[in-house]
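If you want the building blocks of each chain, they are given just below.
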Amino acid sequence: MSIKENLIEIKKSLPEHVTLVAVSKTKPNEALLEAFETGHRVFGENKVQEMVQKWETLPKDIEWHMIGHLQRNKVKYIAEFVSLIHGVDSFRLLKEINKQALKHNRTVDCLLQMHIAQEETKFGLSAEELNAVVGSEEFEQLQNIQVCGLMGMATFTENKEQVRQEFAFLKQNFESLQKKLPNIKILSMGMSGDFDIAIEEGSTMVRIGSSIFGARQ
Ligand SMILES: *Cc1c(COP(=O)(O)O)cnc(C)c1O
């Protein structure tokens, strides 16, 4: 199947309240344009330099989502145009995003990333760290960021029950956070291999790459 066919098929299968982020990392502009031609506008990248290059050369109405681990010293390159940063995992990063967003006179939407997997390699905050971030006095003073929800990645495993429990844990934390931040709406969880489970557990945003664009090198 072609990129177009994959994308249309997946979109049709998603409930209306679930947003699709087409994860185009490592793929050439031509691949993104093929998806773009179906009317799709939301793309996810995990490397700053690659995202900047694509932003510079592709149509300006694309919404760029940074889904990878973001280093503070690279925020300045994307602050002008990024529409959602999924992987915010420290207060220092949030402060830097706020600072760079202010320079461009904009508010940048962010998701706080929680560590939900039983793998050491995945970034993210614990429940305690999350509470410390949103509970701090300084947090209230950040005028140029908007926390819109949470993001998480489940363990890469065949054990579907484990994946489900990890997503359910993220959902619980999302609901507790809603008590403090009633406006949060986005729960970003689910990739090619597990987005069906993620949606059953309450995802509102799925990040799908290989099922649309094919396997990466
Ligand atoms: C690469 C990536 C995805 C997409 O992965 P697929 O398995 O190709 O769908 C989703 N989220 C993050 C954070 C990624 O880095």
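To start, this report covers the structure provided alongside it. (Residues numbered from 1 in each chain as written. Predicted model: local features only at pLDDT ≥ 70, side-chain atom pairs only at ≥ 80, totals over all residues. Heavy atoms only, no water.)

## Regarding the site of the ligand
Applied cut-off: Near is defined per residue: the residue qualifies when any heavy atom it owns lies within 4 Å of the molecule or strand. Whenever two N or O atoms come within 3.5 Å, that pair is a polar contact, provided that in protein one can donate a hydrogen and the other can accept it, and provided that, for residues adjacent in sequence, both atoms are side-chain atoms. All accessibility values rest on the Shrake-Rupley procedure with a 1.4 Å probe; residue burial counts only the protein chains present in the view. The pocket and cavity definitions rest on a 1 Å grid over protein atoms only: a 1.4 Å probe that fits but cannot leave marks a cavity, an open set with protein on both sides within 12 Å along at least five of seven lines marks a pocket, and residues lining either have an atom within 4 Å of a point. The way we define it, a molecule is inside a pocket or cavity when more than half of its atoms are within 2 Å of that pocket's grid points.
As a structural note, the neighbourhood of the ligand is formed by Val 23, Lys 25, Ile 67, Met 151, Met 153, Met 191, Ser 192, Arg 207, Ile 208, Gly 209, Ser 210 and Arg 216. Lys 25 places a side-chain nitrogen or oxygen 2.7 Å from an oxygen atom of the ligand. For the ligand, an oxygen atom lies 2.8 Å from a polar atom in the backbone of Gly 209. Isolated, the ligand exposes 390 Å² of accessible area, and the fraction of that covered by the protein chains is 90%. If you map the ligand onto the pockets, it falls in the largest pocket.

## Let's talk about the layout of surface pockets
Gaps between atoms show up when a probe of the same size as a water molecule is rolled over them. Stated formally: Grid points are joined across faces, edges and corners, and a volume is the space filled by probe spheres set on the points. Residues were grouped as follows: Ala, Val, Leu, Ile, Met, Phe, Trp, Tyr, Cys and Pro as nonpolar; Asp, Glu, Lys and Arg as charged; and all remaining residues, including Gly, as polar. Strands here are runs of E lasting at least two residues and helices are runs of H or I lasting at least four, both read from the DSSP assignment and numbered beginning at the N terminus.
When its volume is computed, the largest pocket comes out at roughly 710 Å³. Taken together, 28 residues line the largest pocket, and the ones lying closest to its centre are Lys 25, Lys 122, Met 153, Met 191 and Arg 207. Along the lines of polarity and charge, the residues of the lining of the largest pocket split into ten nonpolar, eleven polar and seven charged. In this structure, the second largest pocket occupies an estimated 180 Å³ of space. Lining the second largest pocket are Phe 139, Leu 142, Ile 145, Gln 146, Val 147, Lys 180, Leu 181, Pro 182, Asn 183 and Ile 184. Sort the elements by how many residues they give to the lining of the second largest pocket and strand 6 (residues 145–152) lands first, with three residues. In terms of residue class, the lining of the second largest pocket is made up of seven nonpolar, two polar and one charged.

## A word on the packing of helix 1 (residues 3–13) against helix 2 (residues 29–36)
Counted only if it meets this: To obtain each axis, a line is fitted to C-alpha atoms, and for helices this fit is confined to the stretch in contact; angles are then taken between N-to-C directions over 0 to 180 degrees. In these notes the angle categories are as follows: under 35 degrees is roughly parallel, over 145 is roughly antiparallel, 65 to 115 is roughly perpendicular, and the rest is oblique. Crossing handedness follows the turn of the near helix against the far one: under a right angle anticlockwise gives a left-handed crossing, and clockwise gives a right-handed one. Pairs of residues are marked as contacts when any of their non-hydrogen atoms sit within 4.5 Å.
Where helix 1 meets helix 2, the axes come as close as 8 Å, and the angle between the chain directions of the two elements is 45°. Overall, the two elements helix 1 and helix 2 adopt an arrangement that is oblique. Crossing hand, helix 1 versus helix 2: right-handed. Residue-level contacts link Ile 3, Lys 4 and Leu 7 of helix 1 to Ala 31, Glu 34 and Ala 35 of helix 2. Here the contact of helix 1 with helix 2 is composed, by residue class, of four nonpolar, no polar and two charged.

## Digging into the pattern of salt bridges
Quick note on the threshold: Salt bridge, as used here: a side-chain nitrogen of Lys or Arg that lies within 4 Å of a carboxyl oxygen of Asp or Glu. Here the term buried applies to any residue with accessible area under 20% of the maximum for its type, exposed to any over 50%, and partly exposed to those in between, with areas from a 1.4 Å probe on protein chains only.
Enumeration according to the criterion identifies nine salt bridges in this entry. Between Glu 45 and Lys 54 there is a salt bridge, with its nearest N and O atoms 2.8 Å apart. Classification of Lys 54 as buried rests on a relative accessible area of 4%. For Glu 140, the salt bridge identified is with Lys 180, shortest N-O distance 3.6 Å. Taken together, the residues Glu 140 in helix 7 (residues 137–140) and Lys 180 in helix 8 (residues 160–180) connect sequence positions 40 residues apart. When its relative accessible area of 40% is taken as the criterion, Lys 180 is described as partly exposed. Among the charged side chains, a salt-bridge network with shared partners connects Glu 45, Glu 50 and Lys 54.

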